[in-house]
Amino acid sequence: MARIIVVTSGKGGVGKTTTSAAIAMGLAKRGHKTAVIDFDVGLRNLDLIMGCERRVVYDFINVINGEASISQALIRDKNCNMLYILPASQTRDKDALSLDGVGRVLDELAADDFKYIVCDSPAGIEKGANLALYFADDAFVVTNPEISSVRDSDRMLGILSSKSRRAERNEDPVKEYLLMTRYDASRVKSGEMLSLDDVQEILSLELLGIIPESKSVLTASNQGVPVILNDKSEAGQAYADVVARYLGEKIPHRFVESKKGFLRKIFGGRL
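To keep things clear, this report deals only with the structure shown in the data block. For every chain, the first residue of the written sequence is number 1, and numbering continues from 1 along that sequence. Given that the model is predicted, a residue must reach a pLDDT of at least 70 before its local features are reported, and side-chain atom pairs must reach 80 or more before they are shown or counted; all residues, however, enter totals for whole chains, interfaces and linings. Hydrogen atoms and water are omitted, and side-chain values are computed over all heavy atoms in the structure.

### Re the environment of Ile61
Piece 1. Helix and strand assignments come from DSSP, with helices taken as H or I runs of at least 4 residues and strands as E runs of at least 2, each series counted from the N terminus. Tracing the backbone through its elements, the reader meets Ile61 in helix 3 (residues 60–64).
Piece 2. When the C-alpha positions of Ile61 and Ser98 are compared, they lie 9.5 Å apart, and in sequence the two are 37 residues distant.
Piece 3. The criterion used for residue contact is that any of the two residues' heavy atoms lie within 4.5 Å. Apart from the residues within four sequence positions on either side, Ile61 is in contact with Val41, Glu67, Ser89, Arg92, Ala96 and Leu97.

### Considering the pairing of strand 7 (residues 175–183)
Piece 1. Two strands make a pair as long as DSSP finds a minimum of two bridges between them. The pairing of strand 6 (residues 138–143) with strand 7 spans 6 bridges and is classified as parallel. Of the residues in strand 7, the one forming a bridge with Phe140 is Tyr177.
Piece 2. The sheet contact formed by strand 7 and strand 8 (residues 206–212) spans 5 bridges and is parallel. The partner of Leu179 across the bridge, within strand 8, is Gly209.

### Describing the nonpolar core
Piece 1. Counting residues in hydrophobic clusters, the biggest one holds 51 residues, and the most contacted among them are Phe39, Phe60, Leu86, Leu97, Val102, Leu109 and Ile117.
Piece 2. It is helix 7 (residues 147–163) that provides the largest number of residues to this core, a total of 5 residues.
Piece 3. Here Phe39 is in contact with Phe60, Leu97, Val102, Cys119, Asp120, Ser121, Pro122, Gly128, Leu131 and Ala132, once residues within four sequence places are set aside.
Piece 4. Judged by nonpolar contacts, the second largest core, of 37 residues, contains Val14, Ile49, Met50 and Val142. Nonpolar core, defined: a set of buried Ala, Val, Leu, Ile, Met, Phe, Trp, Tyr and Cys residues in which side-chain atoms within 4.5 Å join the residues together. Relative accessible area decides the class of each residue, using a 1.4 Å probe on protein chains only: under 20% of the type maximum gives buried, over 50% gives exposed, and in between gives partly exposed.

### As for the environment of Ile85
Piece 1. Checked against the element boundaries, Ile85 lands in strand 4 (residues 83–86).
Piece 2. Since its relative accessible area comes to 0%, Ile85 is described here as buried.

### Quick look at the packing of helix 7 against helix 10 (residues 196–203)
How two helices pack is summed up by the angle between their axes together with the distance between the axes.
Piece 1. With their axes 10 Å apart at the nearest point, helix 7 and helix 10 run at an angle of 30° to one another. Between helix 7 and helix 10, the crossing angle belongs to the class labelled roughly parallel. Once helix 7 is placed against helix 10, the crossing between them reads as right-handed. Only Val199, Ile202 and Leu203 of helix 10 make contact with helix 7, whose side of the interface consists of Ile147, Val150, Ser153, Asp154 and Leu157. Whenever a helix is involved, its axis is fitted only over the stretch in contact; in every case the axis is a line through C-alpha atoms, and angles between N-to-C directions fall within 0 to 180 degrees. Each angle gets one of four labels, with under 35 degrees taken as roughly parallel, over 145 as roughly antiparallel, 65 to 115 as roughly perpendicular, and the rest as oblique. Crossing chirality is assigned from the near helix's rotation relative to the far helix, an anticlockwise turn below a right angle marking it left-handed and a clockwise turn marking it right-handed.

### Some details on the packing of aromatic side chains
Piece 1. Aromatic rings from Phe, Tyr and Trp, with only the six-membered ring used for Trp, were paired whenever their centres fell within 6.5 Å, and each pair was classed as stacked if the ring planes differed by under 30 degrees, edge-to-face if by over 60, and tilted otherwise. Tallied over the full model, the rule gives 7 aromatic pairs.
Piece 2. With a centroid separation of 5.1 Å and an interplanar angle of 80°, the aromatic rings of Phe39 and Phe60 are classed as edge-to-face. Pair noted here: Phe39 is in the loop between strand 2 (34–38) and helix 2 (46–49) and Phe60 is in helix 3, with a separation of 21 residues, a long-range link. No difference in accessibility class separates Phe39 from Phe60, as the two residues are buried.
Piece 3. Measuring from centroid to centroid gives 4.8 Å for Tyr134 and Phe135, while their planes differ by 85°, and the two rings are edge-to-face. Considered together, Tyr134 and Phe135 belong to a single accessibility category, that of buried residues.

### Observations concerning the side chain of Ser216
Piece 1. As for its placement among the helices and strands, Ser216 is situated in helix 11 (residues 215–223).
Piece 2. With a relative accessible area of 14%, Ser216 lands in the buried category.
Piece 3. Here a polar contact is taken to be a pair of N or O atoms separated by no more than 3.5 Å, where protein atoms must pair a possible hydrogen donor with a possible acceptor and residues adjacent in sequence count only if both atoms sit in side chains. Within the structure, Ser216 has its side chain in polar contact with the side chain of Ser233 (distance 3.4 Å).
Piece 4. Once residues within four sequence positions are removed from consideration, Ser216 is found in contact with Val227, Asn230, Ser233 and Ala235.

### Side note on the pattern of salt bridges
Piece 1. By definition here, a salt bridge exists when the distance from a side-chain nitrogen of Lys or Arg to a carboxyl oxygen of Asp or Glu is within 4 Å. If you walk through the whole model with that rule in mind, you get 13 salt bridges.
Piece 2. The salt bridge involving Lys33 is made with Asp112; its shortest N-O contact spans 3.6 Å. A residue pair is termed long-range when its members are at least 10 positions apart, and Lys33 in the loop between helix 1 (16–29) and strand 2 and Asp112 in the loop between helix 5 (99–111) and strand 5 (116–120) qualify at 79 residues.
Piece 3. Residue classification places Asp112 among the partly exposed residues on the basis of a relative accessible area of 38%.
Piece 4. With a shortest N-O distance of 3.0 Å, Arg254 and Asp241 are connected by a salt bridge.

### A few points about the packing of helix 1 against helix 12 (residues 234–246)
Piece 1. Taken N-terminus to C-terminus, the directions of helix 1 and helix 12 make an angle of 60°; their axes are 9 Å apart at the nearest point. Judged on the interaxial angle alone, helix 12 and helix 1 are oblique. Here the hand of the crossing between helix 1 and helix 12 comes out right-handed. Contact residues: helix 1 offers Thr18, Thr19, Ala22, Ile23, Gly26 and Leu27, while helix 12 offers Tyr239, Val242, Val243 and Tyr246.

Set out below in structure tokens:
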């Protein structure tokens, strides 16, 4: 049975696609047959980060509309033969996505022995984002240590708890994890960023990982290689830790300092 993971947040620019690529690659590198799907119809960035933009022939919408089979549209990753990418369309509107169509594609992938299906959600709460999370078993809630990002992530938690398929069926809820990106311990110390404690007080989620601010993320994206493959970079190491924790390994968190945070300074320690 495939496990469906949605990588989500309310705010754009927090690192969802970078995270989706890294998590999918990490799972595949550990021997799990994994697919990663770009739900950002009309924009399409996942194929760039995965370095397969020139190999796109058919896309997610082609499969939903019956214009191509899932095997025709899936692109096998050049770095790992256990990883497949299903790109979004650049020429269609998000309304081309449908609940039945997305469900059918996910069922086909599950029938093809995929162990994990990673859904790279667009920002916001529009149709693409809602469909990306609807079928989820697990949610990686990606947030930056800033109040607007955390607030928008909190809103996505409300949607996950009320509008997912699991919620509609009164099944066990979607398992929610916190993934903090672009974290800079020195800026937290100086009060320029929220601390980890601040964010956890607001969101109350199990912490899956902290991704430090790193130039290696931009470098990897420009090279079309998921940053997790750069095991010399702190960001790559942090994403590897995230995958290991998700798979049940007990690994201490790195790249974090517990300091008095920004919210506590604002509210005089009353939080």
